[in-house]
Amino acid sequence: MYHSVEVDGVDYRLWLSPCQSGSYHLHLRDQVISPVAFAQYGENSGVQTIAGETERVRFVIEGDLIHVHIRGMMRVLRYSDPLRTLACVNQEERSLMTRAPMPGVVVTIAVSPGQPLSAGAALMMIESMKLKLLFALHRMA
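Each value, and the rule that gives it
- Residues numbered from 1 in each chain as written.
- Predicted model: local features only at pLDDT ≥ 70, side-chain atom pairs only at ≥ 80, totals over all residues.
- Heavy atoms only, no water.
- Pairing = 2+ DSSP bridges.
- Helix = DSSP H or I, 4+ residues; strand = E, 2+ residues; numbered from the N terminus.
- Axes fitted to C-alpha atoms, helices over the stretch in contact; angles between N-to-C directions.
- 1 Å grid on protein atoms, 1.4 Å probe; cavity = no way out; pocket = protein on both sides within 12 Å on 5 of 7 lines; lining within 4 Å.
- Points joined across faces, edges and corners; volume = space filled by probe spheres on them.
- Salt bridge = Lys/Arg side-chain N within 4 Å of Asp/Glu carboxyl O.

### Examining the sheet that holds strand β5 (residues 45-50)
Ordered by their spatial adjacency, eight strands build a closed barrel running β1-β2-β3-β4-β5-β6-β7-β8, and the pairing between neighbours is antiparallel. Across the sheet, the mean angle from the axis of one strand to that of its neighbour is 35°, orientation sign disregarded.

Put into structure tokens, the structure is as follows:
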């Protein structure tokens, strides 16, 4: 699943895939950076390893903002939840279309056409890569 992070006004789409070593490959644009790992120590600190270089990291998560202190510098990242990003194709038109975060197969449909719904109601379940994703109504239009 792609994730989107904004740093200094620039959006970055990225995703992680597992390595055999237990760490990850970081896919960023057309680059693959390996290995990538993070070990959390305490509530707001940890150690990250990127391409063999290990650095101590301190962070604070505030909603969709992540304040990161690394190498004596402070960065603010804005994380966009991929499910919320994909939930509506065109916010201005308030489209009622929902997009799945990855290709899959609809396993069950929990509602019928014309059925009254409320926020939080389960709509359908999609199975992808052995994962089952439940789609629910986020809010009423």
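Structure's up, so let's keep going.
### Regarding the layout of surface pockets
A volume near 1,500 Å³ is recorded for the largest pocket. L14, L26, Q48, I50 and L77 are, among the 31 residues lining the largest pocket, the residues nearest its centre. Elements with a contribution of two residues or more to the lining of the largest pocket: β1 (3-7), β2 (10-18), β3 (24-28), β4 (31-40), β5, β6 (53-62), β7 (65-70) and β8 (73-80).

### Some details on the pattern of salt bridges
Within this structure, the stated rule accounts for four salt bridges. A salt bridge links D8 to R75, with the nearest nitrogen and oxygen atoms 2.8 Å apart. Taken together, the positions of D8 in the loop between β1 and β2 and R75 in strand β8 put the pair 67 residues apart, joining distant regions of the chain.

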